[in-house]
Amino acid sequence: EPTSGLDASMAEKIVVFLKRLASEKKNIIVTIHQPSSAVFSLFDNILLLNEGKVVYFGKRTDAPDYFCSLGYRCPTDYNPADFYIKTLVESPVFTGYGYENVSQNNFMASREAGAHCTGFRRIASFCSVQYETIRRNLREEVLHTINDTNNKFPNSNDMLVDKSSNIGVLKELYHLSWRNLKIIMRNPALNHIRLLQHVFVAVMCGAAFFQLELDKDDEMIGVLFLMVVLTSLFGLFNNIQVIPTELPLFAREYRSGAYYILTWFFSKVFTEIPASAVLPLIFNTVCFFAVFEVANAVKFAYIWLICYLTVQASTAVAFFSSVLGWTPLHALAVSPVFYVPSLIFSGQFILIDNVREYMEIFQILSFLRYGNEGAIIVFFGHYGGKTYAKKGNATIADLKMDEDALWNKDLPALVGITGMYYILALILLYTRTHFRI
């Protein structure tokens with residue numbers, strides 16, 4: 001009901017804006033009360049309800065003929081919307097009282113009224129069928145079910161399952177993912193900002209370390225660490241508000257039985273995959289080939305893979321922080337609790353073997369540690385051919401790293417930590433949704 005509380009002028013402006021959206025092949029459904037004649041003329045189709053029953057559903061321009069066929073002709077100098085509402089409220093044909101209680105003086109001859117009632121019931125029945133068909137199609141398209149007010153919220157004893165969903169998990173996942181992609185595509189300004197964000201920072205890093213000499217191992221390690229950390233920060237902050245901003249819509253749709261928690265959650269995960277793959281690729285392309293004198297495509301591909309998996313891990317942390325915080329501001333406040341320990345124990349500030357025993361759990365859970373270690377092993381090791389750094393494998397040994405750890409430990413650990421945070425976020429989302437925590 002977008003025009004509630006607005007004056008006639010502002011209401012008309014709002015509806016004109018919605019009309020423009022509708023002209024761009026978007027479906028606009030609006031509830032409106034007592035619209036002016038100017039506002040009413042902007043609608044393409046109208047649905048009139050009375051006492052919970054469908055009275056008319058069709059084109060606005062066909063409504064006068066429909067009411068005229070029932071004996072109600074709208075005066076030429078009358079607001080059609082006011083006429084329809086007044087007729088629905090005052091006419092016994094539409095109020096359900098029946099023509100038996102209508103006097104000839106107040107309405108019309110009982111026999112004629114009965115004919116109109118019969119005709120109305122046939123048309124109303126047809127409109128109800130059409131309305132239900134469109135409602136089912138709309139639900140399948142946007143997965144939003146409008147329940148009767150007398151129905152209770154569906155309860156489920158099966159974790160992550162809502163028994164009212166009946167179109168299949170894969171189909172739900174497809175529709176929800178497509179809806180998420182539409183939301184992303186309809187915000188080009190945000191997409192451009194994210195792209196410029198990556199390009200600007202990559203150019204800054206490339207300019208600061210441009211054509212770094214191969215004998216400066218410490219600076220090379222710093223650049224690799226920056227590439228891993230910066231791409232992970234982009235993944236964290238670009239996704240920290242994805243869930244909180246849609247939680248009210250999610251709660252309403254889920255409790256109305258529109259879909260599973262599982263499909264909604266993973267539709268959000270899947271729709272972020274393209275951005276988390278393409279944006280680090282752009283960042284690494286600019287930074288890698290600007291900094292390092294020797295361009296090795298295989299090493300570049302490995303480092304991009306490591307950055308991509310690190311971004312996925314930071315995105316999972318963002319999702320978990322979002323569900324834990326529940327609001328955008330709280331999610332931003334919670335996220336450093338999980339990100340900063342990963343940064344401290346990344347191996348850049350404290351050597352892996354120098355971490356105290358009682359702090360090892362933070363090192364084990366540090367996804368930045370595995371990303372940083374993997375990038376160093378790839379660049380200074382023999383992945384993609386010989387190493388171009390001065391010390392090469394000696395640098396890996398000095399940092400207490402093992403060249404075989406890339407596939408044996410680092411990449412599997414990144415995948416495992418990502419899955420862990422996603423599972424924790426999903427469990428927490430289920431708990432908070434069902435128990436209103």
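Residues numbered from 1 in each chain as written. Predicted model: local features only at pLDDT ≥ 70, side-chain atom pairs only at ≥ 80, totals over all residues. Heavy atoms only, no water.

## Things to note about the overall build of the protein chain
Stage number 1. Along the protein chain, the regular secondary structure elements total 17 helices and two strands.
Stage number 2. Residue burial in the protein chain is summarised as follows: out of 437 residues, 44% are buried.
Stage number 3. Summed over all atoms, the accessible surface of the protein chain reaches about 23,100 Å², with 60% contributed by carbon and sulfur. (Helix = DSSP H or I, 4+ residues; strand = E, 2+ residues; numbered from the N terminus. Buried < 20%, exposed > 50% of the residue type's maximum accessible area, 1.4 Å probe, protein only. Areas by Shrake-Rupley, 256 points an atom, 1.4 Å probe, with all protein chains shown as cover.)

## As for unusual backbone geometry
Stage number 1. Of note, W326 is a non-glycine position whose phi angle comes to about 75°, a positive value.
Stage number 2. Secondary-structure assignment places W326 in the loop between α12 (297–325) and α13 (328–344).

## With respect to the pattern of salt bridges
Stage number 1. Applying the stated rule across the entire model yields five salt bridges.
Stage number 2. R179 is the partner of E253 in a salt bridge, and the nearest nitrogen-oxygen pair spans 3.0 Å. With E253 in helix α10 (residues 247–255) and R179 in helix α7 (residues 169–185), the pair connects residues that are 74 residues apart, well separated along the chain.
Stage number 3. Residue R179 is classed as buried on the basis of its relative accessible area of 17%. (Salt bridge = Lys/Arg side-chain N within 4 Å of Asp/Glu carboxyl O.)

## What about the packing of α12 against α13?
Stage number 1. Packing of α12 against α13 brings their axes to within 8 Å, and their N-to-C directions diverge by 130°. Classed by the angle they form, the pair α12 and α13 counts as oblique. In this structure, α12 crosses over α13, and the sense of that crossing is right-handed. Here V317, F320, S321, S322, L324 and G325 of α12 lie close against α13, whose contacting residues are H330, A331, V334, S335 and F338. (Axes fitted to C-alpha atoms, helices over the stretch in contact; angles between N-to-C directions. Parallel < 35°, antiparallel > 145°, perpendicular 65-115°, else oblique. Left-handed = near helix turned anticlockwise from the far one by under 90°. Contact = heavy atoms within 4.5 Å.)

## Regarding the pairing of strand β2 (residues 53–59)
Stage number 1. By the bridge criterion, six bridges tie strand β1 (residues 45–50) to β2 in an arrangement that is antiparallel. From the neighbouring strand, N45 faces β2, where its bridge partner is K59.
Stage number 2. In textbook terms, the turn of a hairpin is the stretch between consecutive antiparallel strands, and for β1 and β2 this stretch comprises two residues, one of which, E51, has a positive phi near 55°. (Pairing = 2+ DSSP bridges.)

## As for the packing of aromatic side chains
Stage number 1. One pass over the structure, following the stated rule, counts 28 aromatic pairs.
Stage number 2. One aromatic cluster is present, built from ring pairs that chain together F40, Y56, Y66, F67, Y78, F83 and Y84. (Phe/Tyr/Trp six-rings, centres within 6.5 Å; stacked < 30°, edge-to-face > 60°.)

## Comments concerning the environment of R60
Stage number 1. As for its placement among the helices and strands, R60 is situated in the loop between β2 and α3 (63–69).
Stage number 2. On the accessibility criterion, R60 (21% relative accessible area) is partly exposed.
Stage number 3. Those residues in contact with R60, other than ones at most four positions away along the chain, are F40, S41, F43, D44, N45 and I46.

## A short note on the side chain of S346
Stage number 1. You can see S346 is positioned in the loop between α13 and α14 (360–364).
Stage number 2. Judged by its relative accessible area of 1%, S346 falls in the buried class.
Stage number 3. S346 has contacts with F225, S366, L368, R369 and N372, leaving out every residue within four places of it along the chain.

## Comments concerning the environment of T245
Stage number 1. Its place among the elements puts T245 in the loop between α9 (217–239) and α10.
Stage number 2. Residues T245 and T327, spaced 82 residues apart in sequence, show a C-alpha to C-alpha distance of 7.5 Å.
Stage number 3. Polar contacts involving the side chain of T245 include one to the main-chain carbonyl oxygen of V242, which spans 3.2 Å. (Polar contact = N/O pair within 3.5 Å; in protein donor to acceptor, adjacent residues only side chain to side chain.)

## A word on the packing of helix α11 (residues 261–291) against helix α17 (residues 405–435)
Each pair of packed helices can be summarised by the angle the axes make with each other and by the distance between the axes.
Stage number 1. Closest axis-to-axis distance for the α11/α17 pair is 11 Å, and the angle between their directions is 135°. It follows that α11 is oblique to α17 by the angle criterion. Every pair of crossing elements has a handedness; the one defined by α11 and α17 is right-handed. Side by side, α11 and α17 meet where I261, L262, W264, F265, F266 and V269 of the first sit next to Y422, A425, L426, L429, Y430, T433 and H434 of the second.
Stage number 2. By residue class, the composition of the contact of α11 with α17 is 11 nonpolar, two polar and no charged. (Nonpolar A, V, L, I, M, F, W, Y, C, P; charged D, E, K, R; others polar.)

## Observations concerning α13
Stage number 1. Compared with an ideal rise of 1.5 Å per residue, which puts 17 residues at 24 Å, α13 spans 25 Å between its outermost C-alpha atoms and is within 8% of the ideal.
Stage number 2. At F338, α13 shows its maximal bend, which comes to roughly 25°, and the proline P341 appears one to four places after that position.
Stage number 3. Taken as a whole, α13 has its buried residues at A331, V334, S335, Y339, P341 and S342.
Stage number 4. Where the residues of α13 are buried, they touch α9, α12, α14 and α15 (367–380). (Expected span 1.5 Å × (residues − 1). Bend = angle between axes of the 7 residues up to and from the residue.)

The values are spatial; any link to function lies outside them.
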